[in-house]
Amino acid sequence: MGNKQVVASTIIDASPEEIWAFLAEANRFAEWVDATKEVLSFDEGRPFGVDFVYKEHGGIFPFFSKSHWIVTSYTPYTKQVHMGDDGKVKMPLDICLESLPSETAAGDERKTRLTISLGLNPRWFVNLPLGILWPCVMRRKAQASMDRTVANAKRLVEAEAIKLVEHDA
């Protein structure tokens, strides 16, 4: 059936801590995750971490559905793993941050690599249709969606970092 996974990466002009804080705002997922059309619910009042649960509506045309997600692994400022399930497909989502060496002599420039990978593990009854559509159409659509997701994260985190710097000045 081939590899049903998409991966996208970008370098963000912000610290891992700043990006991590942004990633933990479940109410903002639809703002930057391209495939998330709406966050339906999440564990309000519960700290974001292992066993944090959220539900969303989204997908990639023409496949939209409601899905249930749980954070299964959480290593602050480094990696988090979410497991999604819409009843047809299980979706492991890995989010990794890597602090990069400073390019300036003063060492005040912060850069972090954000890498997001999403796997698709279909249940038996969607294995055949997804097996046909994945190489023909869906892989390209899924990759484009993941590329937009990391680009959105970069744009929003960097814009918020600039606002903080301007506010502190």
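Residues numbered from 1 in each chain as written. Predicted model: local features only at pLDDT ≥ 70, side-chain atom pairs only at ≥ 80, totals over all residues. Heavy atoms only, no water.

Asker: Which residues make up the overall build of the protein chain, and what are the values?
Answerer: Helix and strand content of the protein chain: 3 helices and 8 strands. Of all 169 residues assigned to the protein chain, the portion counted as buried reaches 38%. Sequence separation of at least 24 residues holds for 54% of the intrachain contacts in the protein chain that already meet a minimum separation of 6. Accessible surface for the protein chain amounts to roughly 9,300 Å². Of this, 58% is attributable to carbon and sulfur atoms. (Helix = DSSP H or I, 4+ residues; strand = E, 2+ residues; numbered from the N terminus. Buried < 20%, exposed > 50% of the residue type's maximum accessible area, 1.4 Å probe, protein only. Contact = heavy atoms within 4.5 Å. Areas by Shrake-Rupley, 256 points an atom, 1.4 Å probe, with all protein chains shown as cover.)

Asker: I'd like to hear about unusual backbone geometry, residue by residue, with values.
Answerer: That bond from F61 to P62 is cis: its omega, 10°, falls within 30 degrees of zero. Relative to the helices and strands, P62 resides in the loop between β3 (53-60) and β4 (63-75). Positive phi outside glycine occurs at Y77, with the angle close to 65°. Residue placement: Y77 occurs in the loop between β4 and β5 (79-85).

Asker: Got a sec to walk through helix α1 (residues 16-23)? Specific residues and values, please.
Answerer: Among all positions of α1, only P16, I19, W20, F22 and L23 are buried. Taken end-on, α1 shows its buried residues confined to a sector of 160°, consistent with a single buried face. (Arc of directions from axis to C-beta.)

Asker: I'd like a description of the pattern of salt bridges, backed by residues and values.
Answerer: Considering all chains together, one arrives at 12 salt bridges under this definition. As a salt-bridge pair, E31 and R28 come within 2.8 Å of each other at their nearest N and O atoms. Looking at E31, the relative accessible area reads 41%, which means it is partly exposed. Through salt bridges with shared partners, a single ionic network connects E25, R28, E31 and E160. (Salt bridge = Lys/Arg side-chain N within 4 Å of Asp/Glu carboxyl O.)

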